[in-house]
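Residues per chain, in single letters:
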Protein chains: 2
Amino acid sequence: MKIGIAQINSTVGDLAGNLLLACDAYSQLASEGADLIVFPELALCGYPPRDLLLKKRFGEDCLKALEEFAGQTGPCPSLIGFPQQSAEKGKEPFFNAAALCVNGSVKQIFQKRLLPTYDVFDEDRYFASGQASLFFTHLGKNIAVTICEDIWNLDKDLHSSDPLEEICSLQPDVLINLSASPWHDQKKAQRKELLHRVVKKLKCPLLYVNTVGGNDELIFDGSSVLLSSDGKIIGRAPSFEPSCSVFDLESGPAAMEEEAEVKMESIRQALVLGLRDYAHKSGFKKGLVGLSGGIDSAVTAALAVDALGRENVIGISLPSAISSDHSRDDAHALAENLGIIYHTLPIQKIVDSAESELAPIFDGLDADVTEENLQARSRGLLLMAVSNKLGALLLTTGNKSELAVGYCTLYGDMCGGLAVISDLPKTKVFALALHLNQNGEIIPRNTIEKPPSAELRPDQKDSDSLPDYEVLDSILHSYVEKGLSIEAIIGEGFEEETVRRIVSLVDRNEYKRKQAAPGLKVTPLAFGIGRRMPIVQKYSN
Amino acid sequence: MKIGIAQINSTVGDLAGNLLLACDAYSQLASEGADLIVFPELALCGYPPRDLLLKKRFGEDCLKALEEFAGQTGPCPSLIGFPQQSAEKGKEPFFNAAALCVNGSVKQIFQKRLLPTYDVFDEDRYFASGQASLFFTHLGKNIAVTICEDIWNLDKDLHSSDPLEEICSLQPDVLINLSASPWHDQKKAQRKELLHRVVKKLKCPLLYVNTVGGNDELIFDGSSVLLSSDGKIIGRAPSFEPSCSVFDLESGPAAMEEEAEVKMESIRQALVLGLRDYAHKSGFKKGLVGLSGGIDSAVTAALAVDALGRENVIGISLPSAISSDHSRDDAHALAENLGIIYHTLPIQKIVDSAESELAPIFDGLDADVTEENLQARSRGLLLMAVSNKLGALLLTTGNKSELAVGYCTLYGDMCGGLAVISDLPKTKVFALALHLNQNGEIIPRNTIEKPPSAELRPDQKDSDSLPDYEVLDSILHSYVEKGLSIEAIIGEGFEEETVRRIVSLVDRNEYKRKQAAPGLKVTPLAFGIGRRMPIVQKYSN
């Protein structure tokens, strides 16, 4: 049996566009001799549709799209994910379903049983747990169909039941899984281990079809794969790009090397895909980055070039009276290296105008963070004006470490439609910069080597008020991602005063993150929809 | 049996502070002769604790607080809500529980069965459905204990089971419900009807104890009540303020009038409570409002005075070259009426400085919305500087209609820590202004009567680009709150072109709402945590 993997890049809510992608992929794969064509989870509406599911007509419109897709199918059956409306009283309004379409109509429907409601997932908000059959027969084979989470509960640590037990007892010839599984930098390893455990348990080949593309904060890597019953790779779709490919279930394992994942290259590819899709799916061709001469904006601009093309990236240097010469030089060198459009917009006149108006109110009060914020906000003012006038998406350049401790200015450097590296801790920003330079200098060496500074006060350095980034990032990882208490973090060997100060900074800057641009998720726990902290709260442990 | 209602105002995560409130309330009510003292749902940790529940030590710390509370109890038993850690594999980590504490220890634990996971609620993310017993016996009475949602499913339209059926079959003498039920402008009527239906079904008295106070977007009204078995009010706690009161179950109905709810007064009280708690619980004494002379900022400032005191409110007029004389006069008259601190900060110099720097990039391009945004952002720049310098919470003044169609500037008039009236449609802002003036003019008459204008272009009026607010608000209600399709809204009698334009504006401004300040929820469906739309999406129906 030849299996077609339709790893398409759906746009959330774009029923007409996704239908077109699906029909094209079906035609291509059928013409290449596929005996069965499989699409990702919720491919027809995109993932995650979120509250679009609560719109009165959405279910009906999805059904129409499904029927149109089914209408285009010939003798080769196809499985495609869609939200199936349910009218059962006292239950959620949908099933997260997959339709088996063949010869012009929908033949059978499968329903997801295990619904993730943690991290970025809200499936219990919309979906009821499925009750439909898990099997269909095709070309004499007994084929089991699961959707994403259904195969992730082997240890019963996420849900109380495991659909694979029922499936296993019915001895499938093939197991199919339709997924929309967001990428993060540990996902590939987790997934590889999981898929091997599943194959070992079921003793049959496994077809895993994952969606690809960026939808808001989430990046889907694709990386669909067909494994033989002994866990060997028969065929594999690429990562971070759409693909249609046919693999023969009966052929032996491909003479394919295990893909050695290069972490930094994966992060780069993920961010480029997330950035490109956010921009293009929302109608932006051009991107705009404020260039400070520092490493964050440099990395962001380099990623923007990879995602949008150098001719579509505008870099702007916004020097103040405090800015060092090296900042301007480094920003300029970066723009030269990248070959992007480059402008300089000094902010001092705006800062001076604001300060002179504010003088009567500020009379007798000391200079403080207000004056630093004024500079950052003057830059935001100019960048947003350029963004508005030229129709270029302003990219926010802050990293995860800064966002965690609030070392950033709301309505200042936090201005922008998308935060490209806001889930990358500063230490990883350095690593990514070195990776970007591996085939020649793109990020100027001085940008990487000089001590990080916000340059909002003369001779200011990040290290004046923050511990070394190695220490900071370790504490943040323990506190934010692992949820450890202050005591437990101190127990890991960090200085008590430092831990308490960092924790307090994280807690009291929740209000900034509430108003932050959406940021591309690349770690298991990102700020954003996957972390839902109260803003005003007094827990301190 | 004398029942003490402990309607306390918990702060999320403030275990020590909430414990103190609880112990004080217990002592007071016990000394007033209560035979049983009841607190609201999750009173010990505040509602909603959200991802604080995922911190490793949170459950343990809540248990410690519970044990300390129990340690203070004497012979009078008390029911108090707390998150009970659960170690069951494959289940959520907590139960939403209530502990019966008496004579120094926890005697019995009750667990919420029905978990809301819709609108602003995420309980399936944290809580497993309870299995514990629903009854205890005290003074010879068979008392049933439920938590919030447990009594809201009489029609089985929210969940597939109804715990009241089991309770009813066991013939309780009293039914108790611990709640944290967020207020909106239709909640009191809904709740009244529901409580009467519950009493009718169970044929026993009902004690409903609801939390009070503002926590981020949510406002809890309290309004706890003791109903007799025939649905008469035996006793009632006030709305929108904390209260400790004892009522005798055996006494007849109070000679209490049915509370006639004055809608606008309830909205005013709710917003004042939400604003005051947001400010005070996050450590702000002072509030700051940019006064445009328009109705939104006028109403916001008046509410700030009610919440924080006139001496703690700063109003700032930020005229541009375009601002009309009446704007400045109206802003000034409002500040005089309110007796608040008042400053004027002209923005023209900042706008001019920015435009002169931008001139080379903007050369040859027409004026557009960029220049309007520059003015709004120059105001944001100055207001945030004053906020930073004086430590005053900047209040955002936008209304729900504007926020819906994006008639507001990101990082401009959207600057601020809390959006006070962002869930009030413009038509209700007018109604609230009239209500605020009922005992004498506070909002200047001209502010109410002049045509609304953003004053970002000469002679600009809202009506140049938007339909009348009556029409706009009706379309928005159908689209945003009812989720109706374009076709259905046209079917309600609105002009097709207008409906399409408004719907498109709502959809494409999701990115602004993503970065909006938290807004106080006063309608059944507010923008914010209760409405989770994708930002980049292409569904258009």
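Computed from a prediction, not measured in an experiment: that's the story for all the values here.

The rules behind each value
In every chain, residue numbers begin from 1 and rise along the written sequence. For naming, the first written chain is A and the first written ligand is 1, with later ones following in the order written. Since the coordinates come from a predicted model, pLDDT governs what is reported: local features require at least 70, and pairs of side-chain atoms require 80 or more to be given and counted, while whole-chain, interface and lining totals use all residues. Secondary structure elements follow DSSP: runs of H or I of four or more residues count as helices, runs of E of two or more count as strands, with numbering from the N terminus. C-alpha atoms define the radius of gyration in this analysis, and the globule rule sets the expected value at 2.2 Å times the number of residues to the power 0.38. In this scheme the burial state of a residue depends on its C-beta neighbours within 10 Å: 20 or more other such atoms mean buried, 12 or fewer mean exposed, and anything in between means partly exposed; the C-beta positions come from the backbone. Two residues qualify as being in contact provided that their C-beta atoms, derived from the backbone, are within 7 Å of each other. In this description, strands pair whenever DSSP reports at least two bridges between them. A fitted line through C-alpha atoms serves as each axis, taken over the contacting stretch for helices, and the angle formed by two N-to-C directions is quoted from 0 to 180°. Least squares is the method for superposing the copies, and the C-alpha atoms it fits come from residues with pLDDT of at least 70 in both. Note that the domain bounds reflect an automated or database-derived domain assignment. Three categories are distinguished: nonpolar for Ala, Val, Leu, Ile, Met, Phe, Trp, Tyr, Cys and Pro, charged for Asp, Glu, Lys and Arg, and polar for the others, with Gly belonging to the last. Multiply 1.5 Å by the residue count of a helix minus one, and that product is the helix's expected span. Under this scheme an angle from 65 to 115 degrees is roughly perpendicular, one under 35 degrees roughly parallel, and one over 145 degrees roughly antiparallel; angles in between are oblique. The nonpolar core is taken to be a set of buried Ala, Val, Leu, Ile, Met, Phe, Trp, Tyr and Cys residues joined by way of C-beta atoms within 7 Å. pLDDT: the predictor's confidence for each residue, scored from 0 to 100. The arc in question is traced by the directions running from the helix axis to the C-beta atoms.

1. Some remarks on the overall build of chain A
Then comes step 1: For chain A, the count of helices and strands is 18 helices and 19 strands.
Then comes step 2: For 541 residues, the compact-globule formula gives about 24 Å, and the C-alpha radius of gyration of chain A, at 25 Å, lands near that figure.
Then comes step 3: Projecting the C-alpha coordinates of chain A onto the three principal axes gives extents of approximately 85 × 50 × 50 Å.
Then comes step 4: For chain A, buried positions account for 57% of its 541 residues.
Then comes step 5: The long-range share in chain A, meaning contacts at least 24 apart out of those at least 6 apart in sequence, stands at 71%.

2. Things to note about the sheet that holds strand 15 (residues 286-291) of chain A
Residues and elements named next belong to chain A.
Then comes step 1: Judged by pairing direction, the sheet is parallel, and its five strands sit side by side in the order 17-16-15-18-19 without closing on themselves. Edge strands, defined here as strands with exactly one partner in the open sheet, are strand 17 (341-344) and strand 19 (418-419).
Then comes step 2: In terms of strand pairing, strand 15 meets strand 16 (residues 313-317) through five bridges, oriented parallel. Directly across from Leu288, in strand 16, lies its bridge partner Ile314.
Then comes step 3: Each of strand 15, strand 16 and strand 17 is contacted by helix 8 (residues 325-338), which is oriented at about 170° to strand 16, the strand it contacts most.

3. Some words on the relation of the copies chain A and chain B
Then comes step 1: In screw terms, the move from chain A to chain B is a rotation of 180° and a rise of 0.0 Å along the axis, fitting with an RMSD of 0.0 Å. As the rotation angle and translation indicate, the two copies are arranged about a two-fold axis. Residue Gln515 of chain A of chain A places its C-alpha closer to the rotation axis than any other residue of that unit, at 2.1 Å.
Then comes step 2: A share of 100% of interface residues in chain A that are also interface residues in chain B marks the association as one of identical surfaces.

4. Some words on the environment of Met533 of chain A
Then comes step 1: Here Met533 of chain A shows up in the segment after helix 18 (510-514).
Then comes step 2: On the basis of neighbour count, Met533 of chain A is assigned to the buried category, with 22 C-beta atoms found within 10 Å.
Then comes step 3: Apart from the residues within four sequence positions on either side, Met533 of chain A is in contact with Glu510 of chain A together with Arg50, Asp51 and Leu52 of chain B.

5. Overview of the domain arrangement of chain A
Residue and element names in this part refer to chain A.
Then comes step 1: Here chain A is partitioned into domain 1 (2-251), domain 2 (267-453 + 509-514) and domain 3 (467-508).
Then comes step 2: Each side of the interface is counted separately: domain 1 has nine residues, and domain 2 has eight residues.
Then comes step 3: For the side of domain 1 that touches domain 2, the secondary structure elements donating two or more residues are strand 10 (212-215) and strand 11 (218-221).
Then comes step 4: In terms of residue class, the side of domain 1 that touches domain 2 is made up of three nonpolar, four polar and two charged.

6. Considerations on unusual backbone geometry
Residues and elements named next belong to chain A.
Then comes step 1: Of the consecutive residues Tyr47 and Pro48, the connecting peptide bond is found in the cis state with omega at -5°.
Then comes step 2: Tracing the sequence through the fold places Pro48 in the loop between strand 2 (36-38) and helix 2 (58-72).
Then comes step 3: Even without glycine at this site, Ser223 takes up a positive phi of about 55°.
Then comes step 4: Structurally, Ser223 is set in the loop between strand 11 and strand 12 (225-227).

7. Here's the deal with the interface of chain A and chain B
Then comes step 1: With 82 residues of chain A at the interface, the matching set in chain B holds 82 residues.
Then comes step 2: The set of elements that each furnish at least two residues to the side of chain A that touches chain B consists of helix 1 (15-31), helix 2, helix 3 (123-126), helix 6 (263-281), helix 9 (348-362), helix 10 (369-390) and helix 18 of chain A.
Then comes step 3: Across the side of chain A that touches chain B, the residue classes tally to 36 nonpolar, 22 polar and 24 charged.

8. Some thoughts on the sheet that holds strand 2 (residues 36-38) of chain B
Residue and element names in this part refer to chain B.
Then comes step 1: The mixed open sheet is built from six strands, whose spatial order is 5-4-3-2-1-14. Every interior strand has two partners, whereas the edge strands, strand 5 (105-111) and strand 14 (243-248), have only one. With direction set aside, neighbouring strand axes in the sheet form an average angle of 30°.
Then comes step 2: Sheet analysis places strand 1 (residues 2-7) next to strand 14, joined by six bridges and oriented antiparallel.

9. Comments concerning helix 10 of chain A
Residues and elements named next belong to chain A.
Then comes step 1: Compared with an ideal rise of 1.5 Å per residue, which puts 22 residues at 32 Å, helix 10 spans 32 Å between its outermost C-alpha atoms and is within 8% of the ideal.
Then comes step 2: Among the 22 residues in helix 10, 17 count as buried, and that is most of the element.
Then comes step 3: Two residues or fewer past helix 10, Gly391 is found with a positive phi of approximately 65°.

10. Section: the packing of helix 5 (residues 263-281) of chain B against helix 11 (residues 426-436) of chain B
Residue and element names in this part refer to chain B.
Then comes step 1: In contact at an axis separation of 10 Å, helix 5 and helix 11 are set at 90° when each is read in the N-to-C sense. On the basis of their axis angle, the class for helix 5 and helix 11 is roughly perpendicular. Of the residues in helix 11, those in contact with Met264, Glu265, Ile267 and Arg268 of helix 5 are Ala431, Leu432 and His435.

11. Some thoughts on the nonpolar core
Then comes step 1: Val38 and Leu44 of chain A together with Val38 and Leu44 of chain B are the most contacted members of the largest nonpolar core, which has 352 residues in total.
Then comes step 2: Among residues more than four places away in sequence, those in contact with Val38 of chain A are Ile3, Ile5, Ala6, Leu79, Ile176, Leu178, Leu207 and Val209 of chain A.

12. Regarding the confidence of the model for chain A
Then comes step 1: Chain-level statistics for chain A give a pLDDT mean of 96 and a share of 99% at 70 or above.
Then comes step 2: Here the predicted complex carries an ipTM of 0.96, next to a pTM of 0.97.

13. Digging into the environment of Ser378 of chain B
Then comes step 1: Structurally, Ser378 of chain B can be placed in helix 9 (residues 369-390).
Then comes step 2: Residue Ser378 of chain B is classed as buried on the basis of its C-beta count, with 30 C-beta atoms lying within 10 Å.
Then comes step 3: C-alpha separation for the pair Ser378 of chain B and Glu67 of chain B, spaced 311 residues apart in sequence, amounts to 53 Å.
Then comes step 4: Discounting residues that sit within four places of it in the chain, Ser378 of chain B has contacts with Leu381 of chain A together with Ile347, Ile350 and Val351 of chain B.

14. A look at the pairing of strand 7 (residues 141-147) of chain B
All names here are of chain B.
Then comes step 1: Of all seven residues that make up strand 7, five are buried, and the element is covered over most of its length.
Then comes step 2: Where strand 6 (residues 135-138) meets strand 7, four bridges bridge the pair, whose relative direction is antiparallel. In the strand pairing of strand 7, Thr137 is matched with Asn142.
Then comes step 3: The antiparallel hairpin formed by strand 6 and strand 7 contains two residues in its connecting segment, where Leu139 sits at a positive phi of about 50°.

15. As for the pairing of strand 3 (residues 78-85) of chain A
On a regular strand, one side chain projects to one face of the sheet and the next to the other, so that they alternate.
Residue and element names in this part refer to chain A.
Then comes step 1: Of all eight residues that make up strand 3, seven are buried, and the element is covered over most of its length.
Then comes step 2: Where strand 2 lies against strand 3, two bridges are found, and the strand directions are parallel. The partner of Ile37 across the bridge, within strand 3, is Ser78.
Then comes step 3: Across eight bridges, the pairing between strand 3 and strand 4 (residues 94-102) is antiparallel. The residue of strand 4 that forms the bridge with Leu79 is Leu100.

16. As for helix 17 (residues 496-508) of chain A
Residue and element names in this part refer to chain A.
Then comes step 1: An ideal rise of 1.5 Å per residue puts 18 Å on 13 residues; helix 17 measures up with 18 Å between its terminal C-alpha atoms.
Then comes step 2: All buried positions along helix 17 are accounted for by Val499, Ile502, Val503 and Val506. For helix 17, the arc enclosing every buried residue in end-on projection is 100°, short of the 170-degree limit, so these residues lie on one face.

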